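# Coordinates in review
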Amino acid sequence: MNTDENKSDERFRLMISNVLRFGVGLSAILILLGGFLFFSQSHNPVFDYTAFNNEPSNLKDIFLIVRDALSFEGKSVIQLGVLILIATPFLRVFFSLIGFAYEKDRVYVIITGIVLFILSCSLFG
């Protein structure tokens, strides 16, 4: 293996680790900010846990979550942080697929493609 391939592998690993760091860091910041906003906006700090109440529909649709998070609604900011945390491993696998395709490693492209397909089915299916 020559030095150009070593540098390419190192850049690839660095890119993947940066994606993971950024995703986890951003989601942590959003969840903390959302928790602060939620408790500062909450007028009734006592919650009733005797009955299960389903989440409102605006916390189930990605576009509504983003819209409400941009208006600094606490629950939506928390939900956006959780969505980013869930999307982080998906992006890692996606970028791995691109990296393996760039390196022309067919076996890993196939394996990573299968993993990406399974993740896609579980997230969107």
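The rules behind these values
- Residues numbered from 1 in each chain as written.
- Predicted model: local features only at pLDDT ≥ 70, side-chain atom pairs only at ≥ 80, totals over all residues.
- Heavy atoms only, no water.
- Phe/Tyr/Trp six-rings, centres within 6.5 Å; stacked < 30°, edge-to-face > 60°.
- Patch = residues over 30% accessible without salt bridge, like charges linked within 9 Å, V, L, I, M, F, W, Y side chains within 5 Å.
- Areas by Shrake-Rupley, 256 points an atom, 1.4 Å probe, with all protein chains shown as cover.
- Salt bridge = Lys/Arg side-chain N within 4 Å of Asp/Glu carboxyl O.
- Helix = DSSP H or I, 4+ residues; strand = E, 2+ residues; numbered from the N terminus.
- Buried < 20%, exposed > 50% of the residue type's maximum accessible area, 1.4 Å probe, protein only.
- Polar contact = N/O pair within 3.5 Å; in protein donor to acceptor, adjacent residues only side chain to side chain.
- Contact = heavy atoms within 4.5 Å.
- Core = buried A, V, L, I, M, F, W, Y, C linked by side-chain atoms within 4.5 Å.
- Axes fitted to C-alpha atoms, helices over the stretch in contact; angles between N-to-C directions.
- Parallel < 35°, antiparallel > 145°, perpendicular 65-115°, else oblique.
- Left-handed = near helix turned anticlockwise from the far one by under 90°.
- Nonpolar A, V, L, I, M, F, W, Y, C, P; charged D, E, K, R; others polar.

### Notes on the packing of aromatic side chains
In this description, a pair of aromatic rings is defined by centroid distance and the angle of the planes. Inspection of the entire model under this criterion finds four aromatic pairs. For the ring pair Phe38 and Phe39, a centre distance of 5.3 Å and an interplane angle of 65° mean the geometry is edge-to-face. Connected via pairs of aromatic rings, a cluster forms that spans Phe12, Phe100 and Tyr108.

### Some details on a nonpolar patch on the surface
A cluster of nonpolar side chains, namely Ile31, Val82, Ile86, Leu123 and Phe124, defines an oily patch on the protein surface of about 430 Å² accessible area. Among the secondary structure elements, those contributing two or more residues to the nonpolar patch are α3 (74–102) and α4 (106–124). As for its placement among the helices and strands, Ile86 is situated in helix α3. What makes Ile86 partly exposed here is its relative accessible area of 42%.

### Topic: the environment of Asn54
Structurally, the position occupied by Asn54 is in the loop between α1 (3–41) and α2 (62–70). Classification of Asn54 by relative accessible area gives exposed; the value is 52%. Placed 70 residues apart in sequence, Asn54 and Phe124 show a C-alpha to C-alpha distance of 20 Å.

### As for the side chain of Thr88
Residue position: Thr88 is located in helix α3. Side-chain polar atoms of Thr88 contact the backbone oxygen of Ile84, separated by 2.7 Å. Once you skip the residues sitting within four places of it in the chain, Thr88 turns out to touch Val19, Leu20, Gly23 and Val24.

### Describing the nonpolar core
Of all hydrophobic cores here, the largest spans six residues; its members are Leu30, Leu37, Ile65, Ala69, Val77 and Leu80. Of all the secondary structure elements, the ones that give two or more residues to this core are α1, α2 and α3. Leu37 has contacts with Phe72, Gly74 and Val77, leaving out every residue within four places of it along the chain.

### A closer look at the packing of α3 against α4
At a minimum axis distance of 9 Å, the contact between α3 and α4 shows a crossing angle of 155°. Classified by the angle between their axes, α3 and α4 sit roughly antiparallel to one another. Note on packing geometry: the crossing formed by α3 with α4 is left-handed. Across from Ile86, Pro89, Phe90, Val93, Phe94, Ser96, Leu97, Phe100 and Ala101 in α3, the residues of α4 making contact are Tyr108, Val109, Thr112, Gly113, Val115, Leu116, Leu119, Ser120, Leu123 and Phe124. Classifying every residue of the contact of α3 with α4 by side-chain character gives 15 nonpolar, four polar and no charged.

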